[in-house]
Amino acid sequence: MDAMVEMEDTVGGGEEEEQKIALWLSQTADSQEAAVRTATQHLEAAQQTMPKFASLLLRLSAGGQEKGQRIASATYLKNFLRTHWTEGKLLSPQERLEFRNQLVEVLLRVDGLVLKLLAEAFRLVAVHDFAKQKSWPELVPALKTAIHNSDLVTVPAPSEFKTLNVLIALQTIIKPFQYFVDPTVAREPAPEQLELISKELLAPLHAIFHHLVQEVASSKDQGFAQYDNILLVLCKCFYLATKSHMPPSLLSCLAPWIQDLMVVLDTIVLEKTVDSPDEEPRLKIWKRSLQICCNFVSRHRKHMDKYLPAISSAALKIVIHSLNAKARTFYSKSHKSELSDHPMQERILSLSFDLVSNILETGPGWRLMAPHFSRLLECAIFPALKMKEKDIVLWEEDEEEYLRKNLPSDLEHASGWKEELLMARQSALNLLGLIATAKGPPTAGGVKKGAAMKRKKWGKAKGKDGPGIAGEVLVMPFLSQFTLPPDGALPSSEFVANYFGAVLAYGALHEFLKTQDTEIVATLLQTRIFPLYAMVVPSPYVLANSNWLLGELASCLPEDMNEDVYTALLKALLAPNTGGLSWRPVRASAAGALSSLLQKEYKPRQWLPLLQAAVMGAKMQDEEDATLSLQLLGTAAEAGEDDVAPHVPAITAAVQGEILRHIPPHPEPWPQIVELGFSALASLAQTWDSFEPEEPDEDEDESEALTSWKVGCTGLANTFSHILQQAWLNPSQGEEALTQVAPPPSCLSDTSVLISTILRYTPDLSSAASMKVETLLQVWANLIVDWNAWEEEEDEAVFDAIEEAVALQEKHPMLHFTLAETESTAGLPVVPRSILECFVTFAIGAIESGYPSACWRACHCSHAFLHVSSKSCDGEQVAKDLVPQFTEVASRRLLQLTSPAVPLAKPLILLVSMCFIILPEAVVKILPVGEGDHNVTIKEDTSPGLLQWAEALASLSESESVPGLSLESEMKLAALGLQKVLEYMIQNNMTQDYKKGYTTAHHCLCALLKVTLDLKELLETSETEDDDSSEAGSEDEEEDDTEDDDDADEESEEEHEETEEEFLERYAKTARELQEEAVEEAENGQDEDGHEIELGVLGLVDQEDEVVAFLKAHGKNFVTQLPPLPEDLVTRFQEKFPDCKFYFCSS
């Protein structure tokens, strides 16, 4: 119950102001919208003008007359602090100091929902002031005093401070230190604040912890105690304090904490039903205690060795006792609410398995656990895997939840360090995988040798140690005792329940089976799995597990069995519902396993049956079955490549109706089935694109394959056009709808692939008109305007489509590519924009905030935009609009880089160069000044920003490092830009009156000569370089083979056993490397380098003639006035251009 607390002496402020705030807060809950709006405005104004506004809210939170008023005040205070505390504008320094101390005092007295709200408010203040700023020295002493005077400590004397509240405050100030701050440090010391908290608060609290633990032990049969809530918060504090660090003050007194934790674990009883909410805190205490033990074993191993026997004994008792005591997880449909597990019980059992896995990953832990492997397998792991009645009920009630819980897809590598497996069955599978790859129990003659060894992988223990692996000597023989269930066996039969668990267990052994001879895996499948698929009426529960198993074993299947596996899974994929039971989990697991098989580069002999099955599934009325089939279809398209490509036109035509059937009216977002359908279509389109046959020579006739492919292109483009028309233009809603509602921005990446395909395969204007290409392009262009999902795989398709649109515009100009419509006929309720305008907006967003590769690509597209606009009737005006936009965004991003020499600077510099060539005067006015040059004094008609960019262009042109100027278009653009800069500087006398301009002009001239030489040499030697590169490629392959052989030799050497210090240093080194890579990648993007730049009409310019003409026009009056040029550069230039010797005569 939320109690009112008298706070007159604690919180200051006027009663009149307090009453006003209380009134406004009550009005915010009024039913009249106008009253709510007015009250909100009053409160917003008060927080700006009213003195001690936060303190008044705090008073109302503690002492308001009504519970609703106290809750409203606490809520508003929390939101006020979230917005304004870190800013420090509305509260003066003195007011902040007073308020935070008042907040602590109030927090320690309140209860109920107000306590929860004020605890969040306290967190906001404590994280900023105590954890980050280290500016709250009185906080820890105040909490220490409060603990000593709290109600649980002063019993039977009354106290105004509640122990629970003090511990909540303690948990709040510990939480910011639960993780390591600097992963690049091998052994990061505990933060000084955490050590202070541990020494002054947490360590002394062990007395209370011990007392509460004894209450837990004495109330074991009852299932709860009076102060379980307090013990739970104390457990959380201890867990957070030791989650990453081990404060020295806690380490010195760790033993009694561990002993009490063992007492807590000894009280765990999972067999009884949780009937009362009072028992839930006890369950959470058990869960948190297990998390503490898991964390100690995995994070603080060197401090735990002496406690491992006790922890191991407790963990074994929980997993074996709980699952062997009775079939507590069975329940009937009619009594499931009374007999089902509490979710926390499942979590506790899962953590117990995880704790055993943690222990097993250590050397001493193996010695403790190995003797219990057989008992663990028989009494704990396998009972957790066996089918239970609740599995049958879950199958019938929630198939998706059944698949998530029972057929996990993330068990690729068994590990003792996995967190949050959540389900006991998944944790048991993980533990079984660890046991299978561990050395088996030490024998009498081998105890000494086994005790000296850590757990070894089977792959590292072949030879004399091989027979000792637990997977071979223990697990496989144990599972072999369970026989195949009879054909038509009932789900409730023991045969089905046991074999259900056995098949799951085989799936957990995939890491062990990878190291076995292929004959063992083949025998396993032939004798234990394939017979299930030959049954007339197999158990669907076991069959689903078998499908999952085949998917898990996809990476270690014998090659000669792939076809048998494929056939079995295909049969399961087509299995109909029988016996009044849905077989969707069977089909879903088969689809998942087939996807795994295809992703492991398996190529079926016949693709058509799989494709037909996927298409047939996509047409099913059940939406979930159709979703699975569309997912499988996309995977098959990606994996099948040339084998699937011939069927693509027929497949797309077959599934288009099913996808369109599920598209909702605008503007609702598309459901998952539609998104997966478009994803499958995109995969099919990309497969088709890669299937293009080679064009014949001029004297050869067109091949039949090429003719068929072109027909397919036309059909594919028409199909995709029809789909997008139905999805975007939505004719079913009538003509009026076209001008009212825009389509949702769903599947933009996939629809971009379809748009690319349509544009690429549009042969002429009549085809473009019939497919409504321009209209579709307008809709799509308007959808990408607000793009902000800058992820590589997402936006690549958008850039591809933009490039195809530009290419189509050059071949078949569209009316509204550069001109906006007067009215929105594309279904968009916005101001009409041209297609190009939308593209430019997208590109500017990429240049401004996209990741490096997106910025590179956007710069390349921007060159194309500048030149494609020149062919339109209003091209001059379009250029005037685009040049300032591109110049501004490119130069701004350029200034954000750490250096103009980083790779990302290259596309930005070249884009500004193109803009300068087109409209130099406009660019000069826009170019900003970088840091360090703001105080430069120059003439009004010159620009320091121009000089900075010119220096960057000259440096790029001279650079020999990667990425430099390597392509003909890049060199030509740089040379034209440098020449244009020099001409501009001459015209504006920038080299005579300004020393900086004089230096820049000299640098630009040197760079112009060099890049002109590089361009001439590139054109002269391109063919020779091609021949040399092919020869070098062969040599590289040979070298790579040699390196691979060397690597194989190194891998064959015995693995070095890593010490803890080496482990920590290795991870710290990896973290440092990742940080360096992140910094480098932030300004890199070189993957997009190597693409020719669109030069438009500039490509027709003879750069050599232009440079010679420039030297001829300005040689005597300009070149000879600059400092002497480098002698070797002049010599090289005169050799290549003998006619220019006269212009360097004074050099």
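Residues numbered from 1 in each chain as written. Predicted model: local features only at pLDDT ≥ 70, side-chain atom pairs only at ≥ 80, totals over all residues. Heavy atoms only, no water.

J.: Can you explain the overall build of the protein? Please cite residues and give values.
T.: A count of helical and extended segments in the protein gives 51 helices and zero strands. Scored against the burial criterion, the 1147 residues of the protein give a buried share of 54%. Partitioning the intrachain contacts of the protein with sequence separation of at least 6 by distance along the chain shows that 76% fall at a separation of at least 24. Roughly 52000 Å² of accessible area belongs to the protein as shown, and the carbon and sulfur atoms make up 50% of that amount. (Helix = DSSP H or I, 4+ residues; strand = E, 2+ residues; numbered from the N terminus. Buried < 20%, exposed > 50% of the residue type's maximum accessible area, 1.4 Å probe, protein only. Contact = heavy atoms within 4.5 Å. Areas by Shrake-Rupley, 256 points an atom, 1.4 Å probe, with all protein chains shown as cover.)

J.: Describe in detail the packing of aromatic side chains, supporting the description with residues and values.
T.: Under the defined criterion, the tally for this structure stands at 25 aromatic pairs. Between F382 and F482 the ring centres are 4.4 Å apart and the planes differ by 10 degrees, which places this aromatic pair in the stacked class. In this pair, F382 is assigned in helix α20 (residues 373-385) and F482 in the loop between α25 (470-479) and α26 (494-508), connecting sequence segments 100 residues apart. There is no split in this pair, since F382 and F482 are both buried. Residues W395 and Y402 carry aromatic rings whose centres are separated by 5.0 Å and whose planes lie at 65 degrees to one another, so their mutual orientation is edge-to-face. Residue placement shows R96 over the ring face of W85; its charged tip is 4.1 Å from the ring centre. (Phe/Tyr/Trp six-rings, centres within 6.5 Å; stacked < 30°, edge-to-face > 60°. Lys NZ or Arg CZ within 6 Å of the ring centre and 35° of its normal.)

J.: Mind laying out a negative patch on the surface, listing which residues take part and the relevant values?
T.: A surface patch of like charges, here negative, comprises D517, E519, E559, D560 and D564. Within the element layout of this structure, E519 appears in helix α28 (residues 518-533). (Patch = residues over 30% accessible without salt bridge, like charges linked within 9 Å, V, L, I, M, F, W, Y side chains within 5 Å. Salt bridge = Lys/Arg side-chain N within 4 Å of Asp/Glu carboxyl O. Lys, Arg positive; Asp, Glu negative; His and termini not counted. Charge placed at Lys NZ, Arg CZ, Asp CG, Glu CD.)

J.: Give me the lowdown on the side chain of E970, citing residues and values where you can.
T.: Looking at the secondary structure, you find E970 in helix α47 (residues 968-987). Since its relative accessible area comes to 1%, E970 is described here as buried. Setting aside anything within four residues of it in sequence, one finds E970 in contact with K906, L910, G964, L965, D1089, H1091 and I1093.

J.: If you had to explain the nonpolar core to someone new, which residues and values would you point to?
T.: Of all hydrophobic cores here, the largest spans 374 residues; its most connected members are L202, F678, F839 and F865. For this core, the element with the most residues is helix α6 (residues 112-132), which contributes 12 residues. Dropping the residues within four chain positions of it, F678 is found in contact with I659, I663, W670, I723, L724, A727, C747, D750, T751 and L754. (Core = buried A, V, L, I, M, F, W, Y, C linked by side-chain atoms within 4.5 Å.)

J.: Now, about the packing of helix α4 (residues 67-84) against α6: what can you tell me, with residues and values included?
T.: Running from amino to carboxyl end, α4 crosses α6 at an angle of 15 degrees, the nearest separation of the two axes being 9 Å. As the angle between them shows, α4 and α6 are arranged roughly parallel. In this structure, the crossing between α4 and α6 has a hand that is left-handed. Residues R70, I71, A74, T75, L77, K78, L81 and R82 of α4 form the contact with α6, whose participating residues are L113, V114, L117, L118, E120, A121, L124 and V125. By residue class, the composition of the contact of α4 with α6 is 11 nonpolar, one polar and four charged. (Axes fitted to C-alpha atoms, helices over the stretch in contact; angles between N-to-C directions. Parallel < 35°, antiparallel > 145°, perpendicular 65-115°, else oblique. Left-handed = near helix turned anticlockwise from the far one by under 90°. Nonpolar A, V, L, I, M, F, W, Y, C, P; charged D, E, K, R; others polar.)

J.: Could you give an account of the environment of K603, naming the residues involved and the relevant values?
T.: Examined against the element boundaries, K603 turns out to sit in the loop between α31 (584-599) and α32 (608-618). For K603, a relative accessible area of 38% corresponds to the partly exposed category. Remark: the alpha-carbon pair of K603 and A639, spanning 36 residues in sequence, is separated by 7.9 Å. Non-local contacts of K603, meaning those with residues more than four positions away in its chain, are made with A639, G640, E641 and D643.

J.: Provide a residue-level description of the environment of M561, including the pertinent values.
T.: The residue M561 is located in the loop between α29 (540-552) and α30 (562-573) in this model. For M561, a relative accessible area of 3% corresponds to the buried category. Taking C-alpha positions, M561 is 8.9 Å from L525, a pair spaced 36 residues apart along the chain. Residues within four places of M561 in sequence aside, it is in contact with A522, L525, Q526 and F530.

J.: Can you tell me about the pattern of salt bridges, naming the residues and giving the values?
T.: Following the criterion strictly, the structure yields 41 salt bridges and no others. Where R37 meets E33, a salt bridge forms, and the shortest distance between an N and an O atom there is 3.3 Å. Note that R37 and E33 are positioned in helix α2 (residues 33-49) at a spacing of four residues, about one turn of the helix. Classification of R37 by relative accessible area gives partly exposed; the value is 44%. According to the relative accessible area criterion, E33 is exposed, its value standing at 59%. The closest approach of N and O atoms between E803 and R857, which form a salt bridge, is 3.4 Å. Here R857 lies in helix α42 (residues 852-868) and E803 lies in helix α40 (residues 792-811), a separation of 54 residues in the sequence. By relative accessible area, R857 is classed as buried at 11%. Taken together, the shared-partner salt bridges connect R96, R100, D129 and E138 into one network.

J.: An account of the state of the cysteines is requested, with residue identities and associated values reported.
T.: Following the criterion strictly, the structure yields zero disulfides and no others. In this structure C294 is not part of a disulfide, and its nearest cysteine sulfur, from C293, lies 7.2 Å away. Judged by its relative accessible area of 10%, C294 falls in the buried class. (Disulfide = S-S within 2.5 Å.)

J.: Outline the environment of H1114, listing residues and values.
T.: Tracing the sequence through the fold places H1114 in helix α50 (residues 1103-1114). Since its relative accessible area comes to 23%, H1114 is described here as partly exposed.

J.: Let's hear about the packing of α31 against helix α33 (residues 623-640): which residues, and what values?
T.: In contact at an axis separation of 10 Å, α31 and α33 are set at 10 degrees when each is read in the N-to-C sense. Accordingly, the angle class assigned to the pair α31 and α33 is roughly parallel. Note on element contacts: α33 touches α31 through E624, D625, L628, L632, T635, A636 and A639, opposite R584, R587, A588, A591, L594, S595, L598 and Q599. Class assignment of the residues belonging to the contact of α31 with α33 gives a composition of eight nonpolar, three polar and four charged.

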